[in-house]
Amino acid sequence: MVMRSSPMPRMSRRGRVTVSVLIGVFLLFTLLGWGVQAWTDWLWFDEVDYTQVFTGVLTTRILLFLAIGLAMAVVIGGNLWLAYRLRPLLRPHSPEQATLDRYRMLLTPRIGTWIAVLSIVVGLFAGLSAQSRWSEWLLFRNSQDFGVTDPEFNADIGFYIFEFPFWRYLIGVGFTAVVLSVIGALAVHYIFGGVRLQGVGDRMTNGARAHLTTLVAVFVLLKAVAYVLDRRALLLEYNEEAKIYGAGYADINALLPAKEILAYISIVVAIAIIVFSNAVMRNLVWPGVSLALLGISAVAIGGIYPWAVQTFEVNPSLRDKESEYIGRSIEATRQAFGLAAATTTPYGANNLTPPESLATDTNVVPNIRLLDPQLVSETYTQLQQVRGFYDFGPKLDIDRYNVNGRTQDYVVGVREINYRGLSEQQSNWINRHTVFTHGYGLVGAPANQVVCGGQPFFVSGFLGDQAQEQCSSSTEQIPAQQPRIYYGEQMDTTDYAIVGQVTEGRNVEFDRPTSGGGEDYYTYTGEGGVEIGSFARKLLYSIKEQETNFLLSDAVNENSKLLYVRNPRDRVEKVAPFLTVDGDPYPALIDGRIQWIVDGYTTSATYPYAERINLQTETADELTGLGTFQLARENVNYIRNSVKATVDAYDGTVRLYEFDEVDPVLKAWNKAFGGDLVIPKAEIPAELNQHFRYPADLFKVQRNLLAKFHVTDPSEFFSGQDFWEVPNVPDAPDSNKKQPPYYLYTQFPGQEGPRFQLTSAVTPAGRQNLAALISGSYVDGKPQLAMWELPDQTAVSGPVQVHQRMTNNATIRQQLNLLSSNQAQVQYGNLLSLPFGNGMLYVEPVYVKSNQQNAYPLLQRVLLSYGDGGSYVVLANNIKEGIEQLIEQGRQAQAGNGQPPPPTGEQPPTGNEPPPMTGPLAEAAAQVQTAIAEVKAAQTSGDFERYGRALAALDQAMTAFQQAQQAAGGGTPANPPPASPSPEASEPSPTPTG
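Reading the values: rules and limits
- Residues numbered from 1 in each chain as written.
- Predicted model: local features only at pLDDT ≥ 70, side-chain atom pairs only at ≥ 80, totals over all residues.
- Heavy atoms only, no water.
- Helix = DSSP H or I, 4+ residues; strand = E, 2+ residues; numbered from the N terminus.
- Buried < 20%, exposed > 50% of the residue type's maximum accessible area, 1.4 Å probe, protein only.
- Contact = heavy atoms within 4.5 Å.
- Areas by Shrake-Rupley, 256 points an atom, 1.4 Å probe, with all protein chains shown as cover.
- Pairing = 2+ DSSP bridges.
- Salt bridge = Lys/Arg side-chain N within 4 Å of Asp/Glu carboxyl O.
- Disulfide = S-S within 2.5 Å.
- Patch = residues over 30% accessible without salt bridge, like charges linked within 9 Å, V, L, I, M, F, W, Y side chains within 5 Å.
- Axes fitted to C-alpha atoms, helices over the stretch in contact; angles between N-to-C directions.
- Expected span 1.5 Å × (residues − 1).
- Lys, Arg positive; Asp, Glu negative; His and termini not counted.
- Charge placed at Lys NZ, Arg CZ, Asp CG, Glu CD.

Trainee: Would you mind showing me how to read the overall build of the protein chain here?
Mentor: What the protein chain contains, in helices and strands, is 25 helices and 34 strands. Within the protein chain, buried positions represent 54% of all 994 residues. Pairs at least 24 residues apart make up 68% of the contacts formed inside the protein chain by residues separated by at least 6 positions. As presented, the protein chain carries roughly 43,800 Å² of accessible surface, and 55% of it is formed by carbon and sulfur atoms.

This is the structure:
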């Protein structure tokens, strides 16, 4: 009797239901997060009216996922199925085949299912990889002509920018599909006997041989295509010998023809593999020989021959051989980074004596900026904060406004809500998300004016009905019709706000403190925000934020709106994911509303022969991370400031304005999203256009490249003797942090009048003297990059040298020591390098900050120097006084032996101790001591009004002392000697109590 094995027991209905439920729950939780994210993203894009971006990107991702995934699955599955169909019906007996029988018994009954599952898995991974290439596909599909051709193939640059990256990706997909097909088909052929390692007869059936050799031939044909594409790729690679990007002499004359020869050899080898293995000899000997010859050819023709040309022909005369290709790189780099239109003006800077015209100048001297936006941020916070949760950030911004008929630059900042400044009691969910929802006011102060002992003169952004009369403007000089800040730089992804709700007929959002000690409350009325009044919306965002209060709290009602993605940079990046966003957005008052202006760049990494740089590295300096966002580690060799974006600080409205009308990359992106994604440049509002400024990150990139690529002669470029570099921070040169560029409203030589421009000094590579000044500005709405180049071997000092010479001067060092003590410290503002009168004027503000808690810097003195940075140096109370002293020094030098006199207050050494002060000098010193005592008393009391009066009295006492000293000694004014008033006189104000 034959025993039958019992069939597998069938699963009960309850078991099948249980398994189905478990699978359903798993799929639900797997897809729920994606679904919630997609739905909320749609609602957000609908709010900002950019749904074409959401649908365009999502549709492209899905189509690429399906197309590449399906293609990969079909190729893999088809080859596996073909390998199974080509299996031999009879197999010779051998231990190997006996071992494989168990696998055949497992696979054969459900071979279609196994192949389908494996193909789907491979297709899934291929699709996931493909969907991330959505940007390359959109550029490929919407490619534009640049109107410029590469110097070798005469192909339009648009091929490299738009088409080359996607072709390279497709070649990679093809290689992956063929390799996986070969591996999979070989495995199937082996399992089902088409390929054998043991037994008599052929080791491979005719069907298996034909299948596998065809796949190998396809691989070799793809290699031929890759060789053709590699010819174009040579123009993008780094030339190690010449230290430039792009093909060099050996590449063009050896490697380029080698790639072409190898492409033809690959085609011949592919044909030989198919013919010899299936039609002539029907074995793998000659196909193997063909592959070996291809490998040898690749090594010999593609490796050894170019190496020999480079070693024996190029290297002995490297400069002459590479000169043409260095020239190509210079031209391409200047074109790709917008350097070609940069103007160069020789500037002799040979006048070392302060000219008389400094006293009567109306374009440069009156506009010298004294306020450092990094240092005075603390001052703004302490004097204009009022509540601990308000914050201006670690760095303010510079912009220009026309007030009372005069245009000048202002230091501006917005009083934002800083959620990390909320107290523990204020940080509960209700307060954090429904009460403390917004900041208030654009606070501005003229960049060249200080009051009340060194404070900024605030002219806008006041919280009360009346501004402080002593230290601020009595009226709003830059009035905002809507001063509330719901969107700002201090907000991250967790800082969402629920607004628009009214509880029992009263407003619930904290608006601002009142002058009488009370508080105003407000209800948001803007168009922005996602409505979350329905139960479905509450549930949706409850899941998204993992917060049950959306469902349970009465603070969320039918009137509620949700504001999220509140950082201007994040908002622009989400609306325009194809843009690289500048790291320094800035606020501006446009038509009575506060708008964040964000510069957007279109970039590429495939511009032939252009220098490739890393954006994060090139834009890093002292301010990176301190109010300036760090850019991603993106390698680019083409960049344009194509978009000026605005984000309304009140309702979050995002607008993308076309700024570069000829950029093909922006045209491609605009076409990809329907043709109306960006607003044409002609429709930019006039008032908004007046507040555009040359973007900082683009300027840093261009400045750093000009340090090399201002040299346009290939021979001189090869030698590198005329290269420049960006100096380190003048007051901390050992920090290895680069000096940031600075915005100025000033006039440079050759300019018709003052203009708002971003400037930077550069020094010769490896040296510290001044080499050139670089400026970026807008003229008639178009960017203008300009350089003022000093002669070689100039004696004019660079920023680091100037700072050291000014601060190390014996007399000035003594005066600086008086400003600092163990209870205060001196801080230096931006060192400004200003060309004037065929010489160089240097200005560096000097701040003093007490070591007390919550103290802030106050501008106390100004360092000025003219000429070579060391001959004429003064430390003055203000710009006017400093200019007068510089001119007086110049007069004395011209009246004497032509040599500059000792710096202000410096007397020839006598070897004796200075005599004690008597008469008016002693009386003036006593007045200084009295003023110091009053400042200390005001600090203790915390009375701002009293403190302002005390600082003003101290300033008057110090001036009187200097005048008395001048009258007594016959010299120019100086600070009190160490034996007189305490340096604590210069300490800043007490901690605010409001």
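Trainee: Quick question: what am I supposed to make of the sheet that holds strand β13 (residues 497-499) here?
Mentor: Strand pairing in a sheet is mediated by backbone hydrogen bonds. Such pairs are either parallel or antiparallel. One open sheet holds the three strands; their spatial order is β13-β17-β16, and the pairing between them is antiparallel. The sheet is open, and its two edges are formed by β13 and β16 (530-531), each paired on a single side. Strand direction decides the pairing type here: β16 and strand β17 (residues 561-563), joined by two bridges, are antiparallel. Its bridge partner lying in β17, Val530 is registered against Leu562.

Trainee: Could you clarify how one ought to interpret the pattern of salt bridges in this entry?
Mentor: Scanning all chains against the criterion turns up 31 salt bridges. Among the salt bridges present, the one from Lys700 reaches Asp621, with a minimum N-O distance of 2.9 Å. One end of the pair, Lys700, is in helix α19 (residues 696-709); the other, Asp621, is in the loop between α16 (615-619) and β22 (635-636), and 79 residues separate them in sequence. The exposure class assigned to Lys700 is buried, which follows from its relative accessible area of 4%. Take Asp621: its relative accessible area is 8%, and that puts it in the buried class. Here the residues in one salt-bridge network are Lys395, Asp397, Asp584 and Arg693, joined through shared partners.

Trainee: Sorry, what's going on with the pairing of strand β9 (residues 442-446) here?
Mentor: As a general feature of sheets, a regular strand has side chains that alternate between the two faces. Most of β9 sits inside the fold, with five of its five residues counted as buried. Residues Leu442, Gly444 and Pro446 point to one face of β9 and Val443 and Ala445 to the other, with burial holding for every one of them. The pairing of strand β6 (residues 406-414) with β9 spans five bridges and is antiparallel. Of the residues in β9, the one forming a bridge with Val412 is Gly444.

Trainee: Is there a simple way to think about the environment of Phe159 in this case?
Mentor: Within the secondary structure, Phe159 is located in helix α6 (residues 157-191). Overall, Phe159 belongs to the buried group, its relative accessible area being 18%. When neighbours within four sequence positions are excluded, Phe159 is seen to be in contact with Phe164, Trp167, Leu229 and Arg232.

Trainee: Looking at this structure, I do not really get the state of the cysteines. What am I missing?
Mentor: Two cysteines form a disulfide when their sulfur atoms are joined by a covalent bond. Counted according to the given criterion, the structure contains one disulfide. Note on cysteine connectivity: Cys452 is disulfide-linked to Cys471, with sulfurs 2.0 Å apart. When the S-S torsion is -105°, as for the bridge of Cys452 with Cys471, the disulfide is left-handed. Of the two residues, Cys452 sits in the loop between β10 (450-451) and β11 (455-456) while Cys471 sits in the loop between β11 and β12 (484-485), which places them 19 residues apart along the sequence. For Cys452, a relative accessible area of 14% corresponds to the buried category. The class of Cys471 is buried, set by a relative accessible area of 7%.

Trainee: Would you take a moment to explain a nonpolar patch on the surface for this structure?
Mentor: A cluster of nonpolar side chains, namely Leu28, Leu32, Phe535, Leu539, Ile543, Leu551 and Leu552, defines an oily patch on the protein surface of about 640 Å² accessible area. Contributions of two or more residues to the nonpolar patch are made by α1 (13-48), α13 (535-545) and α14 (549-552). Inspection of the secondary structure puts Leu539 in helix α13. Accessibility expressed as a relative area gives 35% for Leu539, which makes it partly exposed.

Trainee: Explain the environment of Leu463 to me, please; I cannot follow it from the model alone.
Mentor: Positionally, Leu463 belongs in the loop between β11 and β12. Judged by its relative accessible area of 9%, Leu463 is buried. Spatially, the C-alpha atom of Leu463 lies 7.2 Å from that of Thr514, the residues being 51 residues apart in sequence. Non-local contacts of Leu463, meaning those with residues more than four positions away in its chain, are made with Val386, Tyr390, Arg415, Tyr440, Arg512 and Pro513.

Trainee: For this particular structure, what's the right way to read the sheet that holds β6?
Mentor: The sheet built from three strands is open, its strands ordered β5-β6-β9 with antiparallel pairing. The open sheet is flanked by β5 (397-403) and β9, the only strands paired with a single partner. Each strand of the sheet is rotated relative to its neighbour by a mean of 45°, with strand direction disregarded. As judged from the seven bridges shared by β5 and β6, these two strands associate in the antiparallel manner. Bridging across to β6, Tyr401 finds its partner in Gln408. Across the sheet, helix α11 (residues 376-384) lies against β6 and β9, angled at about 120° from β9, the strand it touches most.

Trainee: Could you clarify how one ought to interpret α19 in this entry?
Mentor: Because each turn of an α-helix spans 3.6 residues, side chains separated by three or four positions in sequence point in the same direction. Taking 1.5 Å as the rise per residue, α19 with 14 residues should run 20 Å; its terminal C-alpha atoms sit 19 Å apart, in good agreement. Of all 14 residues that make up α19, 12 are buried, and the element is covered over most of its length. Buried residues of α19: Ala696, Asp697, Leu698, Phe699, Lys700, Val701, Gln702, Arg703, Leu705, Leu706, Ala707 and Phe709, and no others.

Trainee: Even after reading the chapter, I still don't get a negative patch on the surface, so can you show me in this structure?
Mentor: Taken together, the side chains of Asp713, Glu716, Asp722 and Asp792 define an acidic patch exposed on the protein surface. Among the secondary structure elements, Asp792 is positioned in the loop between β29 (782-789) and α21 (799-808).

Trainee: How should I be thinking about α21 in this particular structure?
Mentor: Counting buried positions along α21 gives seven out of 10 residues, so the element sits mostly inside the fold. Among the residues making up α21, those that are buried are Pro799, Val800, Gln801, Val802, His803, Met806 and Thr807.

Trainee: It is not clear to me how the pairing of strand β14 (residues 509-513) should be interpreted in this structure. Could you clarify?
Mentor: Most of β14 is tucked away, with five of its five residues classed as buried. Bridge count for β14 against strand β15 (residues 519-522) is four bridges, and the pairing is antiparallel. Residue pairing for β15: Arg512 is matched across the bridge by Asp520.

Trainee: Help me understand unusual backbone geometry, please; the structure alone is not making it clear to me.
Mentor: Among all residues save glycine, negative phi is the norm, and among peptide bonds the norm is trans. For Asp591, which is not glycine, the phi dihedral falls at a positive 50°. In this structure, Asp591 sits in the loop between β19 (586-590) and β20 (593-604). On the accessibility criterion, Asp591 (52% relative accessible area) is exposed. Phi at Asn838 is positive, roughly 60°, even though this residue is not glycine. Mapping Asn838 onto the fold places it in the loop between β31 (832-836) and β32 (839-850).

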